[in-house]
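If you want the building blocks of each chain, they are given just below.
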Number of protein chains: 2
Amino acid sequence: MARWEPGSSQRLQQAALDLFDEQGYERTTVAEIAARAGVTERTFFRCFSDKREVLFAGSERLLEEFTLAVANSVATAPAEMAADALSGSSEFFGEERRPWARRRAAVVFGHPALAEREQLKMGALATAVAAALRERGVGEPAATLLAHSTITVFRVAFETWIADDTGRTMTQIQQELFAALRLSLAG
Amino acid sequence: MARWEPGSSQRLQQAALDLFDEQGYERTTVAEIAARAGVTERTFFRCFSDKREVLFAGSERLLEEFTLAVANSVATAPAEMAADALSGSSEFFGEERRPWARRRAAVVFGHPALAEREQLKMGALATAVAAALRERGVGEPAATLLAHSTITVFRVAFETWIADDTGRTMTQIQQELFAALRLSLAG
């Protein structure tokens, strides 16, 4: 399955990041991004609703990976379903994606409005994971508490992954952090 | 210590909530809030920077309660420091505050921009608790993971508390939820 196919969207995302690096996020226009990617503005708007969405277009798919992993989990213990949600999301963060994720994060966390959007996106992820856990029969408050814990692990893992230079995969980092969370709460 | 003294701020907060209920948040002006509270606009602006801050003025103090509770905790286990942070914040949510908190929440969660601000406030709380835990010698990633878990428990507890009609205190609800989180992650 081609997760990162070299189509217009990817070329636009690369072009956008290059331009954000060179001249800043604020000063870059959709017209410039399209021109750099060698596509028309019309093609840009078929892929993304606006400049900001170039940075956030992956979030729908990420949400699906999380919730599908819970739905398809063979685990019976809720905490193991949460662990499977993390494993499912790990596939989204293949090694080939790391340089892009790193550059994207630099732009997002360098702009308060984008960082706020990122935080809201994480809230939506937690809500979706909680719903997926309830679908699997996990009651409240466990579903909501576990879902938020899952997203906490995911966020910290993501920050670790983009900063990491030891070659650990996102899967490994998430597993380590989930274990660390369980240990710190058990202590 | 008078935490909820009947001064201008409190009268302004009551007046604001009454007006938000009667005519909606958007349609209410600072001038109307001041008039209803029987104070001048100048007094309003000595208490709050704008209309929105009437709803969010407590967040600074809440952040202090959390971080002070961690700093003053006699616990040595990080999870117990987190539990103490929750106990510390509970004092902020005395029974006399529940009706106000309930009405405030109805306004905040009824307006996406206010709900977003609430979510960002929670992110800032987690960051502050993580810093307080590190000050107490808790290493990373435990400090960040525990801090976010603490705020998760706090958020769910708060929603439960304002909806609750069984007479449970915020302290009891937070303790129950913290125990539920620990149990669900142990399972």
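Definitions and limits used
Residues numbered from 1 in each chain as written. Chains lettered and ligands numbered in written order. Predicted model: local features only at pLDDT ≥ 70, side-chain atom pairs only at ≥ 80, totals over all residues. Domains from an automatic or database assignment. Contact = placed C-beta atoms within 7 Å. Helix = DSSP H or I, 4+ residues; strand = E, 2+ residues; numbered from the N terminus. Nonpolar A, V, L, I, M, F, W, Y, C, P; charged D, E, K, R; others polar. Least-squares fit on C-alpha atoms with pLDDT ≥ 70 in both. Axes fitted to C-alpha atoms, helices over the stretch in contact; angles between N-to-C directions. Parallel < 35°, antiparallel > 145°, perpendicular 65-115°, else oblique. Left-handed = near helix turned anticlockwise from the far one by under 90°.

### Concerning the domain arrangement of chain A
Residues and elements named next belong to chain A. The domain architecture assigned to chain A consists of domain 1 (1-54) and domain 2 (58-186). Taking only C-alpha atoms into account, the centre of domain 1 sits 26 Å from that of domain 2. In this complex, domain 1 contributes six residues to the contact, which on the side of domain 2 involves eight residues.

### What to know about the interface of chain B and chain A
Taken together, the contacts link 24 residues of chain B with 25 residues of chain A. At the level of elements, α6 (78-90), α8 (112-135), α9 (142-163) and α10 (170-186) of chain B are the ones that each hand at least two residues to the side of chain B that touches chain A. Sort the elements by how many residues they give to the side of chain B that touches chain A and α9 of chain B lands first, with eight residues. For the side of chain B that touches chain A, the residue count by class is 14 nonpolar, eight polar and two charged.

### Some thoughts on the environment of Gly 24 of chain B
With respect to the element layout, Gly 24 of chain B can be found in the loop between α1 (8-23) and α2 (30-37). Sequence spacing of Gly 24 of chain B and Ala 163 of chain B is 139 residues, and the spatial spacing of their C-alpha atoms is 21 Å.

### Thoughts on the relation of the copies chain B and chain A
Look at the two chain copies: a rotation about an axis and a shift along it is all it takes to match them. At an RMSD of 0.0 Å, chain B and chain A line up after a rotation of 180° and a shift of 0.0 Å along the axis. The transformation relating the two chain copies, once decomposed into turn and shift, fits a two-fold axis. Across chain B, the smallest distance between a C-alpha and the rotation axis is recorded for Ser 149 of chain B, namely 3.1 Å. Here 100% of the contact residues of chain B are again contact residues in chain A; the copies associate through an equivalent surface.

### A short note on the packing of helix α5 (residues 59-72) of chain B against α6 of chain B
Residue and element names in this part refer to chain B. At their nearest, the axes of α5 and α6 sit 7 Å apart, and the two run at 140° to each other. Taken together, the axes of α5 and α6 lie oblique to each other. By crossing handedness, the relation of α5 to α6 is classed as right-handed. Of the residues in α6, those in contact with Leu 62, Glu 65, Phe 66, Leu 68, Ala 69 and Val 70 of α5 are Met 81, Asp 84, Ala 85, Ser 87, Gly 88 and Ser 89. When its residues are assigned to classes, the contact of α5 with α6 shows seven nonpolar, three polar and two charged.

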